[in-house]
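Listed here are the chains, written in short residue letters.
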Amino acid sequence: MLSVFLAFLLPFILFFIATVWSLFSNYLIARQVGLPIVIVPISPENPVWMLLARYIIPILQYVPFGNGHFSRFCHIGWEFDEKARAHIELGDAFMFGTPGKNWIYLCDADAVHDIIKRERQGEFARPVELLAMLDVFGPNISTMNGSDWQRQRKCTAASFNEQSNLLVWKESLRQGQQLLHYWKDNSHVDGPATMAKDTRTLTLDILVHVAFGKSFDFYGAREKKITSGPLSYRDALALILENAILILALGPQTLKKLAFVPQLGRLSNAAEQFRQYMLHMFEEQAQNVQEEKAQGNLIKSLVRASKDDKMITQDEVIGNIFVFNFAGHDNTAHSFAFSFMLLAAYPDVQEWMAEEIRYVVGNPDVLTADYNMFPKLVRTLAVFVSHVRR
Ligand code: HEM
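Being a predicted model, the structure only gives us computed values, none of them experimental.

How each quantity is defined
Residues numbered from 1 in each chain as written. Predicted model: local features only at pLDDT ≥ 70, side-chain atom pairs only at ≥ 80, totals over all residues. Heavy atoms only, no water. Helix = DSSP H or I, 4+ residues; strand = E, 2+ residues; numbered from the N terminus. Expected span 1.5 Å × (residues − 1). Bend = angle between axes of the 7 residues up to and from the residue. Buried < 20%, exposed > 50% of the residue type's maximum accessible area, 1.4 Å probe, protein only. Polar contact = N/O pair within 3.5 Å; in protein donor to acceptor, adjacent residues only side chain to side chain. Core = buried A, V, L, I, M, F, W, Y, C linked by side-chain atoms within 4.5 Å. Contact = heavy atoms within 4.5 Å. Salt bridge = Lys/Arg side-chain N within 4 Å of Asp/Glu carboxyl O. Axes fitted to C-alpha atoms, helices over the stretch in contact; angles between N-to-C directions. Parallel < 35°, antiparallel > 145°, perpendicular 65-115°, else oblique. Left-handed = near helix turned anticlockwise from the far one by under 90°. Nonpolar A, V, L, I, M, F, W, Y, C, P; charged D, E, K, R; others polar. Near = heavy atom within 4 Å. Domains from an automatic or database assignment.

Caption draft 1: Examining helix α2 (residues 47-60) more closely. Helix length check: α2 (14 residues) gives 20 Å between terminal C-alpha atoms against 20 Å at 1.5 Å per residue, within 8%. When the local axis directions of α2 are compared, the greatest deviation, roughly 55°, occurs at Ala-53. Here α2 has its buried residues at Trp-49, Ala-53, Ile-57 and Leu-60. A side-chain oxygen of the first residue of α2 lies 2.9 Å from the backbone nitrogen of Val-48; this N-cap is Asn-46.

Caption draft 2: How the structure looks around the nonpolar core. The biggest cluster of nonpolar side chains holds 44 residues, and the ones touching the most others in it are Phe-137, Phe-212, Tyr-233, Phe-274, Ile-321 and Phe-322. Within the residue set of this core, elements represented by two or more residues are α8 (146-157), α10 (195-212), α11 (233-242), α12 (244-257), α13 (262-291), α14 (298-307) and α15 (314-345). When residues in this core are grouped by element, the largest group, nine residues, is from α13. Non-local contacts of Phe-137, meaning those with residues more than four positions away in its chain, are made with Ile-240, Ala-271, Phe-274, Arg-275, Met-278, Asp-315, Ile-318, Gly-319 and Phe-322.

Caption draft 3: Region of the structure containing the pattern of salt bridges. On inspection of all chains with the given rule, the structure shows 15 salt bridges. For Arg-200, the salt bridge goes to Asp-330, with nearest N and O atoms at 3.2 Å. Of this pair, Arg-200 sits in helix α10 while Asp-330 is found in helix α15, placing the two residues 130 residues apart along the sequence. Under the relative-accessibility criterion, Asp-330 is labelled partly exposed at 29%. A salt bridge links Arg-234 to Asp-205; the nearest nitrogen and oxygen atoms lie 2.7 Å apart. In this pair, Arg-234 sits in helix α11 while Asp-205 sits in helix α10, placing the two residues 29 residues apart along the sequence. You'll find Arg-234 and Asp-205 in the same group, each marked buried.

Caption draft 4: The arrangement of the packing of α10 against α15 in detail. One can describe the packing of α10 onto α15 by two numbers: an axis separation of 8 Å at closest approach and a directional angle of 140°. By the criterion of interaxial angle, the relationship of α10 to α15 is oblique. When the axes of α10 and α15 are compared, the crossing they make is right-handed. Counted by class, the contact of α10 with α15 contains 14 nonpolar, seven polar and two charged residues.

Caption draft 5: Main features of the site of the ligand. In the region of the ligand, 17 residues are neighbours, and Arg-120, Arg-126, Trp-149, Gly-328 and Asn-331 sit closest. Contact distances for the ligand include 2.8 Å between an oxygen atom and a side-chain N or O atom of Trp-149. The side chain of Asn-331 places a nitrogen or oxygen atom 3.3 Å from a nitrogen atom of the ligand. Those elements that place two or more of their residues in the shell around the ligand are α6 (109-120), α8 and α15.

Caption draft 6: Expanded view of the domain arrangement of the protein. Segmentation of the protein into domains returns domain 1 (21-107), domain 2 (130-331) and domain 3 (346-390). One C-alpha centre belongs to domain 1, the other to domain 3, and the line joining them spans 36 Å.

Caption draft 7: Spotlight on the packing of α14 against α15. Put simply, α14 and α15 touch, their axes get as near as 9 Å, and they point 165° apart. In terms of axis orientation, α14 runs roughly antiparallel to α15. Handedness of the α14/α15 crossing: right-handed. Between α14 and α15, the residues in contact are Leu-298, Ile-299, Leu-302 and Ser-306 and Gln-314, Val-317, Asn-320, Ile-321 and Phe-324, respectively.

Caption draft 8: View of the side chain of His-209. With respect to the helices and strands, His-209 occurs in helix α10. A residue is classified by how much of its surface remains accessible, and His-209, at 17% relative accessible area, is buried. What His-209 contacts, discounting residues up to four positions off in sequence, is Leu-167, Glu-171, Lys-214 and Ser-215.

Here you go:
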């Protein structure tokens, strides 16, 4: 009986020893850098801990010494709770020593800029092993280093220009107006709050319009109907992005094998439909690209780079369509959700912003606001940029 018990415990004991050993080795490496070190005994990127931390950390405040570094830093999203406190206490640069990797946190715009520049010149390599799961629909810019990164970057950079900024502006006004209409509609006030879901729809609609030339009208989370029929491009993508961690962790093939579980089956169908949409989009754009040579949106730039210039494969085009949706959607949606919450909590800031918008736009019909007004909205820019950078 004892031996069965020990055999059961052995993997956990070995795991514990390996963790302590890795933490110690990383600590020795961190010491050579000379920055203040915070020991974080569980890696922030550990997926099991990611799921459990939100339940365990709040309990720790009732435990003696439970409010130390562990509960402050050992969970995803600690930055939002801490804000400037960690840097005020530990300096502009400090390190986390964890069993997985050492992490450096910087609060210096010039230093961050310098690192990104040098990463792009190939001086630092990004940890592709942490990002590899983003290859789920094909290799892409987020998972590349060196010359492969430069090649993919060249194919995508051209579409980020003033022409697409103008499209973002126009579509944002249209979608924002529809969202406002929905939020002001009293028939939707009962039931759970859906603000964060609504900002996801808002940002996704703008993104797919600007980058992929697809137009949708905004609908609120409470208007959403679950249908058994084929999903639209936007709804398939929304379902994939809402369940991104699951898809990234399992991959479409495993998901397909598990399709007998109803929720996973729906997700697997969405992944397959999305892939079909992307293939269709590729073929459709390939036709258009042959007819018109002018610069276009992201999908056109990618397809042109693939068909005309042979710089990128079809798999890479599909991988990039997914990753631009993934990378461009969550952060903008969350930035909006947090900003709206904070503006509601600080009505004086809201009024300060509104005063300037009224002054600059000067027209009650915001839909007609001109793009050249954008740089004049310095208060809005101050609120959003400082919030995004925080
Ligand atoms: C609140 C908005 C956003 C924030 C805070 C943000 C932040 C970042 C950061 C910090 C990086 C890493 C930079 C690096 O390592 O070089 C990054 C990369 C990236 N972002 Fe964003 N981003 C935002 C919006 C977007 C949008 C709207 C898109 C797409 C249209 C996008 C697409 C990407 C892509 C594709 C990468 C990888 C780029 C590369 O490897 O060269 N992001 N983003």
